[in-house]
Amino acid sequence: MAVTSNWCRCTSCHAGYGWKDKSYDFSPEKIDCLVCHDITGTYKKFPTDCGYPPLKDKVFAGKKLFKAVNLSYVAQHVGRSSRESCGKCHFYSGGGDGVKRGDIDSTLIAPSKELDVHMDAKGLNFTCATCHTTTAHEIDGRHYDTPAPGKRRLALPEDDGHRVRCEACHGARPHRDEKRLFSLRHLKLNDHTDRVACQTCHVPLYGRGLPTNTYWDWSTAGRFKDGKPIVEMGPLGRPVYHTKKGTLKWGKNLVPEYRWYNGAMSYLLPGEPLRTNEKGQVVLIAPEGSPDDPDSRIFPFKPHYGRQPYDPVRKTMVIPKLFGKKGSGAFWADYDWQKAVAAGMAEAGLPFSGKVDFIETVYYLPLSHMVPPKEKALQCVACHVREGGRLAAIQGVYIPARDRFVSVDRIGRALCLVLLSFVLVHGLARIIIGLKRK
Amino acid sequence: MKQRLYLYSRFERFWHWTQAALIILLLLSGFEIHGSLEIWGFEQAFYLHVYCGFGLIVLTAFAVFWHLTTGAWRHYWPVKEKIPQICYYYLVGIFRGEPHPFEKRPDQKLNPLQRLAYMFLKLVLFPLQFVTGVLLFLYQWWPKLGVKATFSGLAYWHLIGAYAFLLFLILHAYLATTGRPWYNHLRGMILGWEEVCV
């Protein structure tokens, strides 16, 4: 799945004011100022208008009315970005509220302290930009091949303008007792920060606001009932089947998956040979990092699983054309994967064998948002347990209680048992002989 | 003829029993941290282990000072006499009602086997556990202290030390019951006075 060939649908968020084909000019003047700086809340882009707002009243998908934007009114009411303005795209990534991210959704517009200590509307009331600092409109916090800027240290006194990392405000040894001068608990917690990211303990669950999509099977898309599209709702109030999208699974309050992470993600790009994990899933986006890299930390992720079209002959992922008019090959108009992929790959300029099959996929989303109050952070025993701990699969680090030295334990235990039996026999013999003597 | 001797001074008895309690708590909490036991929960076990560990270090520091200043360290000086006889006694003689080949006296309270065992305990096991334990605790300071070690490597040696302590504890507790009557040594260690055959 990709933006390519679906321009006018995807570019309502994937930034580009009027990005309607691949020849789009990405020069800075084409950046839409209002999408971030509108404070009236009336500047909305029509979902299928290539990144343009509606200039007259328009109905989307026969249901939702998008009112014409009064551009002069909006232009007179510009200001700083807000949770709402950022959220217009980011809360809805994946095509709906909370679908893709798992740690960001519309509940963050006015969250409680319980949901997010930083954005707590009645407390700290952070906006996104409080942490996602900008220098000349470059926003911190990307996870592409270059990690989020800023060092893992306090942002002050040498303010380099980057505050996106937790450590920028909290420091590298952030735990401190509020009353006592010395606290063993906090001392030990601070000992973790060289290998464990703050998020690992402090984002104990994801999907805490709204349900988030966990599995998306495109292969079943395109079924109709009596010639009409199907939308079947599940227990979480989210569709479990949708004719356009296929079979969907959702979750709430889910336990993250933990990986070594240095702040960068590696992406499988269109046309690149498939890379699969031990479960046979194609890994589309994976965190980079390893225990040998001092800049890597153990970090929580939402794994987003799916079943997506690929080319079984060339062994590459494919880009289907989803959005378009009838007869254009677009899947959401013609419901034919073969045609949709042929159209999409042609527009992307990539080779396609003509065969389409589906393959299990996974990609990883780093979890940094929706930090609950510290009382909800993970306790020691969440990881320091022999089996079933949160970090059970993490390699390259010795975790007391999880790890052991099997041979030392075996020999030590055997020696103790031998000695114990010896003294028991010795003692018993003494008692028996003692009794006889009497 | 039996004689009551004052063998263990007040400090020695305090030291011995405090040390015993600390070592038992360290073993229990340590094996819980290692994941072998479940008693207090990992977090509480960790705190207990650290506090007991530092307690034992402080106690040992006092004990070292006491032994050096009173000259009591001489009791641990190894001698090679009678070692075979003592081994024979514990394997055979004890069952025949023979007397212990070693004669306890206020100026030689420990038999040659005890001297070796306690010497090993104090010169090898205590330092091993103290050094590995303190380093594991000071994990974040290694770069400043110039320590080049791995966490798992230290944990490995600390665990071996723990099993050695456990073995010592089993044997030591059993041998404490081999007096005549069986509680004679225990009573001596509690009250200070022990009945000794002269």
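All values reported here derive from a predicted model rather than from experimental measurement. (Residues numbered from 1 in each chain as written. Chains lettered and ligands numbered in written order. Predicted model: local features only at pLDDT ≥ 70, side-chain atom pairs only at ≥ 80, totals over all residues.)

A few words now on the overall build of chain B. For chain B, the count of helices and strands is seven helices and two strands. Going from the N terminus to the C terminus, chain B shows its helices and strands as β-α-α-α-α-α-α-α-β. Within chain B, the proportion of its 198 residues that are buried is 17%. A sequence separation of at least 24 residues applies to 63% of the contacts in chain B between residues at least 6 apart. (Helix = DSSP H or I, 4+ residues; strand = E, 2+ residues; numbered from the N terminus. Buried ≥ 20, exposed ≤ 12 C-beta atoms within 10 Å, placed from the backbone. Contact = placed C-beta atoms within 7 Å.)

Before going further, it helps to examine the overall build of chain A. The helix and strand inventory of chain A stands at 11 helices and 16 strands. Each of the three principal axes of chain A carries a C-alpha extent, and together these read 110 × 55 × 40 Å. The contacts of chain A with a sequence gap of at least 6 include a subset with a gap of at least 24, amounting to 60%.

Attention now moves to the packing of helix α1 (residues 10-33) of chain B against helix α2 (residues 42-70) of chain B. Residue and element names in this part refer to chain B. One can describe the packing of α1 onto α2 by two numbers: an axis separation of 8 Å at closest approach and a directional angle of 150°. The angle between α1 and α2 places the two elements in the roughly antiparallel class. The element α1 and its partner α2 pack so that their crossing is left-handed. Contacts between α1 and α2 involve Phe11, Trp15, Thr18, Gln19, Leu22, Leu25, Leu26, Ser29, Gly30, Glu32 and Ile33 on the former and, on the latter, Phe42, Ala45, Phe46, Leu48, His49, Cys52, Gly53, Gly55, Leu56, Leu59, Ala63 and Trp66. Tallied by class, the residues present in the contact of α1 with α2 amount to 15 nonpolar, seven polar and one charged. (Axes fitted to C-alpha atoms, helices over the stretch in contact; angles between N-to-C directions. Parallel < 35°, antiparallel > 145°, perpendicular 65-115°, else oblique. Left-handed = near helix turned anticlockwise from the far one by under 90°. Nonpolar A, V, L, I, M, F, W, Y, C, P; charged D, E, K, R; others polar.)

In many reports, interface size means the accessible area that the parts give up when they come together. Each side of the interface is counted separately: chain A has 26 residues, and chain B has 26 residues. Among the elements that line the side of chain A that touches chain B, the one with the most residues is helix α11 (residues 406-437) of chain A, at 12 residues. A breakdown of the residues in the side of chain A that touches chain B according to their chemical character gives 15 nonpolar, four polar and seven charged.

Residue and element names in this part refer to chain A. Here Gly271 lies in the loop between β12 (265-267) and β13 (282-287). Residue Gly271 is classed as partly exposed on the basis of its 16 C-beta neighbours within 10 Å. The spacing of Gly271 and Ala2 is 269 residues in sequence and 12 Å in space, taken between C-alpha atoms. Excluding anything up to four places from it in sequence, Gly271 contacts Thr316 and Leu350.

This part covers the pairing of strand β1 (residues 2-6) of chain B. Residues and elements named next belong to chain B. Little of β1 is tucked away: zero of the five residues are buried. Sheet analysis places β1 next to strand β2 (residues 193-197), joined by five bridges and oriented antiparallel. If you follow Lys2 over to β2, its bridge partner there is Cys197. (Pairing = 2+ DSSP bridges.)

Residues and elements named next belong to chain A. If you look at the biggest cluster of nonpolar residues, it comprises 35 residues, and the most contacted ones within it are Ile298, Phe299, Val318, Leu322, Ala330, Ala340 and Val341. Elements supplying a minimum of two residues to this core: β11 (257-261), β13, β14 (297-311), α9 (331-334), α10 (337-348) and β16 (357-366). For Val341, the residues in contact, after removing those within four places along its chain, are Pro309, Val318, Pro320, Phe352 and Val356. (Core = buried A, V, L, I, M, F, W, Y, C linked by C-beta atoms within 7 Å.)

Here Trp17(B) lies in helix α1. Considering only alpha carbons, one finds Trp17(B) and Leu154(B), 137 residues apart in sequence, at a separation of 28 Å.

Residue and element names in this part refer to chain B. For chain B, per-residue confidence averages 92 on the pLDDT scale, and 99% of positions sit at 70 or higher. No element of chain B has a lower mean pLDDT than β2, at 82, and none a higher one than α1, at 97. Interface confidence in the predicted complex, given as ipTM, is 0.92; pTM for the same model is 0.91. (pLDDT = per-residue confidence, 0-100.)

Looking now at the environment of His158(B). Residue and element names in this part refer to chain B. Relative to the helices and strands, His158 is located in helix α6 (residues 151-175). The spatial distance from the C-alpha of His158 to the C-alpha of Trp17 is 23 Å, given a sequence separation of 141 residues. Not counting residues up to four positions away in its chain, the partners in contact with His158 are Gln129, Thr132, Gly133 and Leu136.

So, on to the domain arrangement of chain A. Here chain A is described as being made up of domain 1 (1-79), domain 2 (90-382) and domain 3 (407-438). The C-alpha centroid of domain 3 of chain A is placed 82 Å from the C-alpha centroid of domain 1 of chain A. (Domains from an automatic or database assignment.)

Now for α2(B). Counted at 1.5 Å a residue, the expected span for α2(B) with its 29 residues is 42 Å, and the 41 Å between its end C-alpha atoms agrees. Those residues of α2(B) that sit buried are Phe42(B), Ala45(B), Phe46(B), His49(B), Cys52(B), Gly53(B), Leu56(B) and Ala63(B). Where α2(B) is buried, its residues contact α7 (184-190) of chain A together with α1 and α4 (112-137) of chain B. Following α2(B) by one or two positions, Gly71(B) has its phi on the positive side, about 80°. (Expected span 1.5 Å × (residues − 1).)

Moving on to the pairing of β13(A). Residues and elements named next belong to chain A. Of the strand pairs in this sheet, β12 and β13 are connected by three bridges, and their pairing is antiparallel. Across the sheet, residue Ser266 finds its bridge partner in β13, namely Ala286. Direction of pairing for β13 relative to β16: parallel, over a ladder of three bridges. Across the sheet, residue Val282 finds its bridge partner in β16, namely Thr361.

Bringing unusual backbone geometry into the picture now. Between Arg180(B) and Pro181(B) the backbone carries a cis peptide bond, its omega angle lying at -5°. Mapping Pro181(B) onto the fold places it in the loop between α6 and α7 (184-191). The backbone of Asp226(A) shows a phi angle near 55°, a positive value even though the residue is not glycine. On the secondary structure map, Asp226(A) appears in the loop between β6 (224-225) and β7 (228-229). For Asp226(A), a count of 5 C-beta atoms within 10 Å translates into the label exposed. If you check the backbone angles, Ala401(A) has positive phi at about 85° while not being a glycine. Inspection of the secondary structure assignment puts Ala401(A) in the loop between β16 and α11.

Another point: the packing of α11(A) against α6(B). With their axes 10 Å apart at the nearest point, α11(A) and α6(B) run at an angle of 5° to one another. Here α6(B) runs roughly parallel to α11(A), going by the angle between their axes. Contacts between α11(A) and α6(B) pair Val408(A), Gly412(A), Leu415(A), Cys416(A), Leu419(A), Leu420(A), Val423(A) and Gly427(A) from the former with Tyr156(B), Leu159(B), Ile160(B), Tyr163(B), Leu166(B), Leu167(B), Ile170(B), Leu171(B) and Tyr174(B) from the latter.

A few words now on helix α4 (residues 83-90) of chain A. If you check which residues of α4(A) are buried, you get Arg83(A), Ser85(A) and Lys88(A). For α4(A), the secondary structure elements touched by its buried residues are α2 (34-37) and α5 (128-131) of chain A.

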